[in-house]
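Chain by chain, the residues run as shown.
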Amino acid sequence: MLGRKGLILGAGVIVFLGLAALTDVIMSRNDAPAEPGKAQALDQGWSKELREKFYFTSQGSQLMPYAMLRALEQPLSDKPFLDPAQVAEMGFLPADGPSALNPDGLPIGFVKDPRPATGALGPMVGLTCAACHTADIEAKNGALIRIDGGASQGDYQLLMARLSKALDITLADPAKFQRFAARLVAMDPKTVRPALEALATEIRRLEAASWTPVPYGRGRLDAFGHILNAVAATAINEPANYRIPDAPVSYPFLWTTPWQRYVQWNGVAGNPLGRNLGEVLGVFGHADFANGNLAAASSTALGENLVALEAWVSGLKPPPWPEKVLGKVDAAKAKRGAELFKANCAGCHGGPDYRLTPAAETEGGRQWLAVSMVDVNTVKTDPKMAMNFITRYAKPGPFTLPPTAPRLPDGQVLAGSLLLAAVSTITENDLRARGITGDARKAAYGWRFAPGSNTPQSGWLLPPSYKAGPLAGVWATGPFLHNGSVPTIYDLLSPEEERPAVFYVGSKRFDAEKLGFVSSYDSIPEAERVRVSRFDTSLPGNSNRGHAFPTGAKLPPEDRTAIIEYLKVLEGPDVRH
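Residues numbered from 1 in each chain as written. Predicted model: local features only at pLDDT ≥ 70, side-chain atom pairs only at ≥ 80, totals over all residues. Heavy atoms only, no water.

**Q** Whenever I open this one, the overall build of the protein confuses me. Can you help?
**A** Across its full length, the protein carries 19 helices and 18 strands. Compactness check: the protein gives a C-alpha radius of gyration of 23 Å against a globular reference of 25 Å for 577 residues, within 12% of the reference. Its C-alpha atoms put the protein at 70 × 60 × 45 Å along the principal axes. Counting all 577 residues of the protein, 56% fall into the buried class. In the protein, 75% of the contacts between residues at least 6 apart in sequence involve partners at least 24 apart. In the structure as shown, the protein presents an accessible area of about 24,000 Å², 56% of it carried by carbon and sulfur atoms. Positive and negative side-chain charges in the protein, numbering 59 and 57 respectively, have mean positions lying 1 Å apart. (Helix = DSSP H or I, 4+ residues; strand = E, 2+ residues; numbered from the N terminus. Rg over C-alpha atoms; globule rule 2.2 N^0.38 Å. Buried < 20%, exposed > 50% of the residue type's maximum accessible area, 1.4 Å probe, protein only. Contact = heavy atoms within 4.5 Å. Areas by Shrake-Rupley, 256 points an atom, 1.4 Å probe, with all protein chains shown as cover. Lys, Arg positive; Asp, Glu negative; His and termini not counted. Charge placed at Lys NZ, Arg CZ, Asp CG, Glu CD.)

Here you go:
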């Protein structure tokens, strides 16, 4: 176990600092005011310039032609599709305005592909990490606070539905089509309609592929469901491998993730490069397996940018509690909460004495945050996401998996194994094409190698489990549990039967007492209700049960509020390069 005075790791100069005296932590934070109407950025270790890079650096996602998105109107209005009001209604964050990296003022996380255009339609536009991992919260006084690396409230299904409808109505409405075509000044007018018809067909396909019996709502996505469909069904042309992506999870927060042994809710990715490339394929990236010639397999993912994005996130700190806008911390109560946290929470989540992986596990004695993977039979939270992944089989297409790999009598293999093989193939081909070998290759993989091995370390698979990661900064990341089924920390610390059975997601209004967002319908102003979605915990994949700790006991209300007060000031690992 790591002591509070810190440790320098072999991966570089990485220092983990323990919890400072609570009064020092509370008094030392200086919350600079934001410009009027703009979100206040907290001190998370990023400069304004680095935040812009994170918001607007492409990772290789390609949703549609950039010019067409810029020309498109809303379905039932002549306002631009990317009008800030509609962007906010869909749960995404409008940009503060044009900037050097975002000259057209696209929403945060919407990015033009930097590669030269190959046709009249011009470059593509897609999503980058920031679309799902940047959030704003609103204090009682109306002040907005930016949480970089936080959990977005973006509604993926609503985005796809409105985009599909906008394209279809543009085709059907002559006046709307004429305005659309007039904005595409670089295109031959005769080619606009065929190009729009082709795009509308593709977006309809994507919208249909995102359909689920239970809508995701705000701030959730079945990332693995979409990634597996993109690879196992679309890219290898095996339609029978398609499955409904019906196990949505909350967008996880990003700070400290580059230093964690396991990152995703189910921990299956063992290295950051493969994890991030798979993520691109789930959000409009495209893989090409060259008709079975796997030596030529490629994707639209930008490997160099993925490495850069991971490096930037490695310096992202948990958001400090901004007491000037959210209220002072009760130091005495927080001190008592620290004791309760150590007794009831630190065993799985760690902190402030953050545990590290053994030095002998990784080349060069490098160590990572030792993240607990908790068996679903122990944590008893909704098992759908974990079980969907480990029970899904697929036709392997052009891939030949080892004879020892689990398979069905008809030759189907675990879809997760197929995904890992596909991602590994694309990643290695890309590194080879860019001439990256030796230590540079290992650095691109985040140095996730066992001593003497040339193969990246594996992630978690069995037993099916969920990650219990570090909780510094968790105050800003509601709703809680992996599936977003509990609106506040207070509710999570309460007995299962006391948790809300139904609540609403999408308000930015922050509850500083319970730690979470305002979630009862009556407490959300009528003008804001268009932005919220109803969360019913009785529906499949939405269970709010489990995580009933301490086992066999109930925390009295005063203990819950003490832990809450402590979570406002819980210090995370301080990573220094």
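**Q** Please explain unusual backbone geometry as it appears in this structure.
**A** Excluding glycine, a negative phi dihedral is what most residues carry, and trans is how most peptide bonds are arranged. In the segment running from Leu462 into Pro463, the intervening peptide bond is cis, with an omega of -10°. Relative to the elements of secondary structure, Pro463 occurs in the loop between helix H17 (438–444) and strand E14 (465–468). Residue Pro479 is reached from Gly478 by a cis peptide bond, and omega for that bond is -5°. Examined against the element boundaries, Pro479 turns out to sit in the loop between E14 and helix H18 (489–493). The backbone of Thr256 shows a phi angle near 75°, a positive value even though the residue is not glycine. By the element assignment, Thr256 lies in the loop between strand E8 (249–250) and helix H9 (272–282). Positive phi, normally seen in glycine, also occurs at Trp447, with a value near 55°. Mapped onto the elements of the fold, Trp447 is located in the loop between H17 and E14. Since its relative accessible area comes to 18%, Trp447 is described here as buried.

**Q** How should I be thinking about the sheet that holds strand E5 (residues 134–138) in this particular structure?
**A** Note on sheets: strands pair through backbone hydrogen bonds, and any given pair is parallel or antiparallel. One open sheet holds the three strands; their spatial order is E1-E6-E5, and the pairing between them is mixed. What marks the edges here is a single partner per strand, and that holds for strand E1 (40–41) and E5. Across the face of the sheet, helix H2 (residues 48–56) comes into contact with E1, E5 and strand E6 (144–148) while running at roughly 70° to E6. (Pairing = 2+ DSSP bridges. Axes fitted to C-alpha atoms, helices over the stretch in contact; angles between N-to-C directions.)

**Q** Teacher, can you tell me more about the side chain of Glu73 here?
**A** In this fold, Glu73 is placed in the loop between helix H3 (66–71) and helix H4 (84–89). A relative accessible area of 2% means that Glu73 is categorised as buried. At 2.7 Å, the side chain of Glu73 and the side chain of Arg179 are in polar contact. Reaching out from Glu73, the side chain makes a polar contact with the side chain of Arg183 at a distance of 2.9 Å. (Polar contact = N/O pair within 3.5 Å; in protein donor to acceptor, adjacent residues only side chain to side chain.)

**Q** Please clarify how the packing of helix H6 (residues 174–183) against helix H7 (residues 189–209) should be interpreted in this entry.
**A** Each packed pair of helices is defined by two parameters, the angle between the axes and the distance between the axes. Two elements in contact, H6 and H7, have axes whose closest approach is 10 Å; the angle formed by their N-to-C orientations is 110°. Classified by the interaxial angle, the pair formed by H6 and H7 is roughly perpendicular. Residues Phe177, Phe180 and Ala181 of H6 lie in contact with H7, whose contacting residues are Val192, Arg193 and Leu196. Along the lines of polarity and charge, the residues of the contact of H6 with H7 split into five nonpolar, no polar and one charged. (Parallel < 35°, antiparallel > 145°, perpendicular 65-115°, else oblique. Nonpolar A, V, L, I, M, F, W, Y, C, P; charged D, E, K, R; others polar.)

**Q** For this particular structure, what's the right way to read the pattern of salt bridges?
**A** Should the charged atoms of two oppositely charged side chains come close, the side chains can pair. This structure, assessed with the given rule, holds 23 salt bridges. As a salt-bridge pair, Lys554 and Glu497 come within 3.0 Å of each other at their nearest N and O atoms. Here Lys554, found in the loop between strand E18 (533–536) and helix H19 (557–567), pairs with Glu497, found in the loop between H18 and strand E15 (502–505); they are 57 residues apart in sequence, far enough to count as distant. On the basis of relative accessibility, which here comes to 57%, the residue Lys554 falls in the exposed class. A network of salt bridges, in which partner residues are shared, links Glu73, Lys176, Arg179 and Arg183. (Salt bridge = Lys/Arg side-chain N within 4 Å of Asp/Glu carboxyl O.)

**Q** I tried to follow the nonpolar core on my own but got confused; where do I start?
**A** Nonpolar side chains tend toward joint burial in soluble globular proteins. Core analysis: the largest hydrophobic core is formed by 61 residues, its most contacted members being Phe54, Ile147, Trp475, Phe510 and Leu567. Among the secondary structure elements, those contributing two or more residues to this core are H2, E5, E6, helix H10 (303–314), helix H12 (331–344), H18 and H19. When sequence neighbours within four positions are dropped, the list of residues in contact with Leu567 reads Phe341, Leu471, Val474, Trp475, Ile489 and Leu515. If you look at the next biggest cluster of nonpolar residues, it comprises 43 residues, including Phe81, Cys132, Phe180 and Leu221. (Core = buried A, V, L, I, M, F, W, Y, C linked by side-chain atoms within 4.5 Å.)

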